[in-house]
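# Observations on chain architecture
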There are 2 protein chains.
Amino acid sequence: MAPKALDYESMNENVKKVQYAVRGELYLRASELQKEGKKIIFTNVGNPHALGQRPLTFPRQVVALCQAPFLLDDPNVGIVFPADAIARAKHYLSLTSGGLGAYSDSRGIPGVRKEVAEFIERRDGYPSDPELIFLTDGASKGVMQTLNCVIRGEGDGVVLLFHTTWKRQQIGVLIINDLQQSVAQARSKGITVRAMVIINPGNPTGQCLSEANLREILRFCYQENLVLLGDEVYQQNIYQDERPFVSSKKVLMDMGLPFSKEVQLVSFHTVSKGYWGECGQRGGYFEMTNIPPKTVDEIYKIASIALSPNVPAQIFMGLMVNPLKPGDISYEQFVRESKGILESLRRRARMMTDGFNSCRNVVCNFTEGAMYSFPQIRLPPKAIEAAKRAGKVPDVFYCLRLLEATGISTVPGSGFGQKEGIFHLRTTILPAEEDMPAIMESFKKFNDEFMEQYEDYRGYSRM
Amino acid sequence: MAPKALDYESMNENVKKVQYAVRGELYLRASELQKEGKKIIFTNVGNPHALGQRPLTFPRQVVALCQAPFLLDDPNVGIVFPADAIARAKHYLSLTSGGLGAYSDSRGIPGVRKEVAEFIERRDGYPSDPELIFLTDGASKGVMQTLNCVIRGEGDGVVLLFHTTWKRQQIGVLIINDLQQSVAQARSKGITVRAMVIINPGNPTGQCLSEANLREILRFCYQENLVLLGDEVYQQNIYQDERPFVSSKKVLMDMGLPFSKEVQLVSFHTVSKGYWGECGQRGGYFEMTNIPPKTVDEIYKIASIALSPNVPAQIFMGLMVNPLKPGDISYEQFVRESKGILESLRRRARMMTDGFNSCRNVVCNFTEGAMYSFPQIRLPPKAIEAAKRAGKVPDVFYCLRLLEATGISTVPGSGFGQKEGIFHLRTTILPAEEDMPAIMESFKKFNDEFMEQYEDYRGYSRM
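Given the structure is predicted, the values throughout are model-derived calculations rather than measurements.

Secondary structure summary: chain A contains 17 helices and 13 strands in total. A compact globule built from 463 residues should have a C-alpha radius of gyration of about 23 Å, and chain A, at 23 Å, falls within 12% of that. Along the first, second and third principal axes, the C-alpha atoms of chain A reach 75 × 65 × 50 Å. By the burial criterion, 62% of the 463 residues in chain A qualify as buried. At a minimum sequence separation of 6, the contacts of chain A that also span at least 24 residues come to 75%. Just so you have it, chain A exposes about 17900 Å², and 53% of that area is on carbon and sulfur atoms.

Below you can see the structure in the form of structure tokens.
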């Protein structure tokens, strides 16, 4: 009999070709080991609550009340919920048409999109139009919707910029060299480069872009006629004071004409990161700048087919962009909780960087922002040979050995397309602060023994 | 300057080509009118809570508690939440790894998938494997994931079966004729037909398939080597006793070899329909039958890129498939609420059918199941001419006039690909029961005046 449509041989080849390192071989092996009873530290995905980060109380109270609107008429509700949470729940329910159980407009609840626009205006000092803001089930859905419009077929491509181990003083120059090289390389393969993606603060590298960097990038997009997709989901996650978060939109507007009217920009945000870390709720938004109305209509049409982003997460988004103010009953608790999380992340970023840098053949930049540490692992030639014999990419080989020895589940740098002969791994800085010393000790023990095993002469992998 | 990537002229043509009638011209016009202050009755989408259906209390209590887990330690929680809701919240939180704020496995929480499998086993009397069940953000996401694997490119197609105005006694014969015709027609255009989609109970037609119908369909899929996609989201929505819901999976298993081992089937379910109606939560699942493990792995890989379906809706799904039992504190309230909703829907289905059948040139089958009424509108030739002059498809013309006159927002049958010269509209049966008489009266007044205007001699559109 002929193969059936969902037999492996017969299914869509493009599906098979997709690679996704974050839940690739390493993740699958980690899941197996966990099933076998081994304790696994999942640092492969930025999933803070899975590693013990507790949710902020106030937004959870509000969404709980929105889920249980009958409580709003219960005379006893004040015994377990504060008055400001009750007021906010009433506010958000009044913005829905039918509560959390009704589909919203496919772009998201108009009243919440208005709150997002006001947030962006306060942040950037430039006007923002709710009609150009779409709420989504997490930022990744928005990225997919946008790429779906940008990529017309096999010949089209996107340049993804990982801003990483560039030396600080040269960063302006190096970025542009790198970009020109990447675009030229893609074009020489016959690819029409249509867009650039930046993640700022950076995943996987944990680095923050300066305003000067962003200007260079936007100028490059203008010259090369590229849409810029600005993944800015880590904008709350900043662990140094030299380079605070600046949005691509603000820099673009600051640049003035012709850039501010010409460069097409789509910016993404989420409730999954920052001190919120509400990954499981799946809430996000994107804002479009310089995108013509007819294109916006097409994006709306496609969003309509998926009916509506989930409504509870839209409320979380409203709460994130329209936070409590001094004087509100729950304000102090909210500030205490969010500060506590951010300060702990900053300390963990430091512990991890220092821990990696104390290891043999490992060098690591400080995690300036986002949730990741991205140490470079200088693998000895014998380790690279051993990997080849095992049929593995060298960094996959290293990460698998790390996983088996310690339970630490990371993502090999090759999953992000690093340069040939240079090896990294990505780990989140999210393990609980009190567990961090033991984790870094266990990493160091594994790494130094690994290096000992393969490094019987003074040779490193090319740097 | 060259067009930019997100200029309309330059964007992905396939996006522009997509048509989606449910939120098409009619919906956009309705939204405009609403903005202008006109009262609109949105019966274009099956969105029960938007039309006043109230959520079931118990599942909302459980999910509210899961959102506010700190309440579980509050000695006062019992004042506003019943003990069984508290116990269930603890149960579901124990199945997550980090509560509602953590990404789950990309296939959904293992413990909830197990509850889904147990539900399917109880329903069908055949084993169900949690590893072949994926939770999704609503059923539509699951359909997209599946089609993504089935459709390899432009040459591939899917046959969508609308079981509608066939006369009851001939239905077995008619279905197969129709199917063979549709498949032959598609093939004659060079399309490789790879899958069939059925919606049972039926959208837009409101009709239920008998076991005999389903056997014919499955046999046809076997013969023609088609995957069957069974959209069974309306399985709770049954308004007659002759044809209760029977799942495609049960019928397939009943058929025995070779069918039960050969026909590839993917079945979909949701928390959005039935007496739940929790559309805004975006919860669903699909179960795969006779899909090889390597394909399941590929579907898992793609699901991983979207990280995780939203977690609150996974809890709703758990609650739906694992409902309260007699003796539970909240059981009686739960039964009262769900019965109340279903019985009211049954009365509304009757009121709507009778209302349409009392109108000039309108004939309508009884809504046996699902949430839709699908009256045929026999448009006089002069109305068809008037539509052509206005540059509209005749049923779009009719529905726009209906909208302007009454505020009733429907979907023209042409959006579902009806036969040439036959015109329908789709409306939901969801307006509040007390509003129904006025709505049907307003429809009748519009329709009969419309027919009066265009029908000055005894001629109908072809039937």
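What follows picks up the thread again.
A few words now on helix α12 (residues 293-305) of chain A. Within an α-helix, residues lying three or four positions from one another point in the same direction, as the helix has 3.6 residues per turn. Residue and element names in this part refer to chain A. With 13 residues, α12 should reach 18 Å at 1.5 Å per residue; the first-to-last C-alpha distance of 19 Å fits that figure. Every buried residue of α12 is accounted for by Thr295, Val296, Glu298, Ile299, Tyr300, Lys301, Ile302, Ala303 and Ser304. Among the residues trailing α12, Leu307 stands out with phi positive, at a value near 70 degrees.

Residues and elements named next belong to chain B. With respect to topology, six strands assemble into an open sheet ordered β2-β7-β6-β5-β4-β3, the strand pairing being mixed. Looking along the sheet, the strands with just one partner apiece sit at the ends: β2 (133-136) and β3 (156-161). Ignoring strand direction, the axes of neighbouring strands in this sheet form an average angle of 20 degrees. Bridging between β3 and strand β4 (residues 192-199) involves six bridges; their strand directions are parallel. Following the sheet pairing, Gly157 is matched in β4 by Val193.

Turning to the sheet that holds strand β9 (residues 372-373) of chain B, a few remarks are in order. Residues and elements named next belong to chain B. Pairing in this open sheet of three strands is antiparallel, and the strands run β9-β13-β12 from one edge to the other. Both edges of this open sheet fall to β9 and β12 (411-412), since each of them pairs with a single strand only. Taken together, the two bridges between β9 and strand β13 (residues 425-428) define a ladder with antiparallel strand orientation. Considered in β13, the bridge of Tyr372 is made with Thr428.

The next point concerns the domain arrangement of chain A. Residues and elements named next belong to chain A. The assigned domain composition of chain A is domain 1 (13-52 + 345-454) and domain 2 (96-321). Look at where the C-alpha atoms of domain 1 and domain 2 centre, and you get two points 28 Å apart. Facing 24 residues of domain 1, the contacting portion of domain 2 comprises 28 residues. Around 2000 Å² of area is buried between domain 1 and domain 2 when both sides are counted, 49% of it from carbon and sulfur atoms. Broken down residue by residue, the surface that domain 1 buries against domain 2 is led by Arg346, Glu368 and Ala370, which jointly contribute 32%. Summed over the shared surface of domain 1 and domain 2, the result is two salt bridges. A salt bridge links Glu368 to Arg243; the nearest nitrogen and oxygen atoms lie 2.5 Å apart.

Another point: the pairing of strand β5 (residues 227-231) of chain A. All names here are of chain A. When you tally the buried positions in β5, you get five out of five residues, the bulk of the element. Of the two faces of β5, the one holding Val227, Leu229 and Asp231 and the one holding Leu228 and Gly230 are both buried throughout. The pairing of strand β4 (residues 192-199) with β5 spans five bridges and is parallel. By the bridge assignment, Val197 is partnered in β5 with Leu229. In this structure, β5 lies alongside strand β6 (residues 265-270), joined through four bridges in parallel fashion. Following the sheet pairing, Leu229 is matched in β6 by Val266.

We now examine the relation of the copies chain B and chain A. Of the transformation placing chain B onto chain A, the axial shift is 0.0 Å and the rotation is 180 degrees, giving an RMSD of 0.0 Å. Taken together, the rotation and translation describe the operation of a two-fold axis. For chain B, the residue whose C-alpha comes nearest the rotation axis is Ala64 of chain B, separated from it by 2.1 Å.

We now examine the nonpolar core. Core analysis: the largest hydrophobic core is formed by 219 residues, its most contacted members being Phe81 and Tyr398 of chain A together with Phe81 and Tyr398 of chain B. Each residue touching Phe81 of chain B, except ones within four places of it in the same chain, is listed here: Leu71 and Phe81 of chain A together with Gln61, Ala64, Leu65, Leu71 and Ile86 of chain B.

You can see Leu307 of chain B is positioned in the loop between α12 (293-305) and α13 (311-321). Taking the C-alpha atoms as reference points, Leu307 of chain B and Tyr8 of chain B, separated by 299 residues in sequence, lie 30 Å from one another. When neighbours within four sequence positions are excluded, Leu307 of chain B is seen to be in contact with Tyr20, Arg23, Val45, Ser140 and Arg282 of chain A together with Tyr103, Ser104, Asp105 and Ser106 of chain B.

On average, residues of chain A carry a pLDDT of 92, and 95% of them reach 70 or more. Note that residues 165-171 of chain A has pLDDT below 50 and, in this model, twelve contacts with residues that lie over four places away or in other chains.

This paragraph deals with helix α13 (residues 311-321) of chain A. All names here are of chain A. Counting buried positions along α13 gives eleven out of eleven residues, so the element sits mostly inside the fold. Among the residues making up α13, those that are buried are Val311, Pro312, Ala313, Gln314, Ile315, Phe316, Met317, Gly318, Leu319, Met320 and Val321. Sitting at the head of α13, Asn310 places a side-chain oxygen 3.0 Å from the backbone nitrogen of Ala313.

Turning next to the interface of chain B and chain A. With 93 residues of chain B at the interface, the matching set in chain A holds 93 residues. Carbon and sulfur atoms supply 58% of the area buried between chain B and chain A, which totals about 7800 Å² over both sides. For the chain B face of the interface with chain A, the top three residues by lost area are Leu6, Gln67 and Tyr103 of chain B, together amounting to 10%. If you look at where chain B meets chain A, you find four salt bridges. Between Glu262 of chain B and Lys4 of chain A there is a salt bridge; the shortest N-O distance is 2.7 Å. Applying the counting rule to chain B against chain A returns 48 residue pairs in polar contact (both at pLDDT 80 or more).

Attention now goes to the pattern of salt bridges. The final tally for this structure, using the stated rule, is 52 salt bridges over all chains. Taken together, the salt bridges that share partners define one network made up of Asp105, Arg107, Arg113 and Glu131 of chain A.

Here Asn200 of chain B and Pro201 of chain B are connected by a cis peptide whose omega angle stands at -10 degrees. Topologically, Pro201 of chain B is positioned in the loop between β4 and α9 (211-224). Here the residue pair Asn203 of chain B and Pro204 of chain B is connected by a cis peptide bond, since its omega of 10 degrees sits within 30 degrees of zero. Note on placement: Pro204 of chain B falls in the loop between β4 and α9. If you check the backbone angles, Asn361 of chain A has positive phi at about 60 degrees while not being a glycine.

Rules used throughout
- Residues numbered from 1 in each chain as written.
- Chains lettered and ligands numbered in written order.
- Predicted model: local features only at pLDDT ≥ 70, side-chain atom pairs only at ≥ 80, totals over all residues.
- Heavy atoms only, no water.
- Helix = DSSP H or I, 4+ residues; strand = E, 2+ residues; numbered from the N terminus.
- Rg over C-alpha atoms; globule rule 2.2 N^0.38 Å.
- Buried < 20%, exposed > 50% of the residue type's maximum accessible area, 1.4 Å probe, protein only.
- Contact = heavy atoms within 4.5 Å.
- Areas by Shrake-Rupley, 256 points an atom, 1.4 Å probe, with all protein chains shown as cover.
- Expected span 1.5 Å × (residues − 1).
- Pairing = 2+ DSSP bridges.
- Axes fitted to C-alpha atoms, helices over the stretch in contact; angles between N-to-C directions.
- Domains from an automatic or database assignment.
- Buried area = accessible area lost by both parts, 1.4 Å probe.
- Salt bridge = Lys/Arg side-chain N within 4 Å of Asp/Glu carboxyl O.
- Least-squares fit on C-alpha atoms with pLDDT ≥ 70 in both.
- Core = buried A, V, L, I, M, F, W, Y, C linked by side-chain atoms within 4.5 Å.
- pLDDT = per-residue confidence, 0-100.
- Polar contact = N/O pair within 3.5 Å; in protein donor to acceptor, adjacent residues only side chain to side chain.

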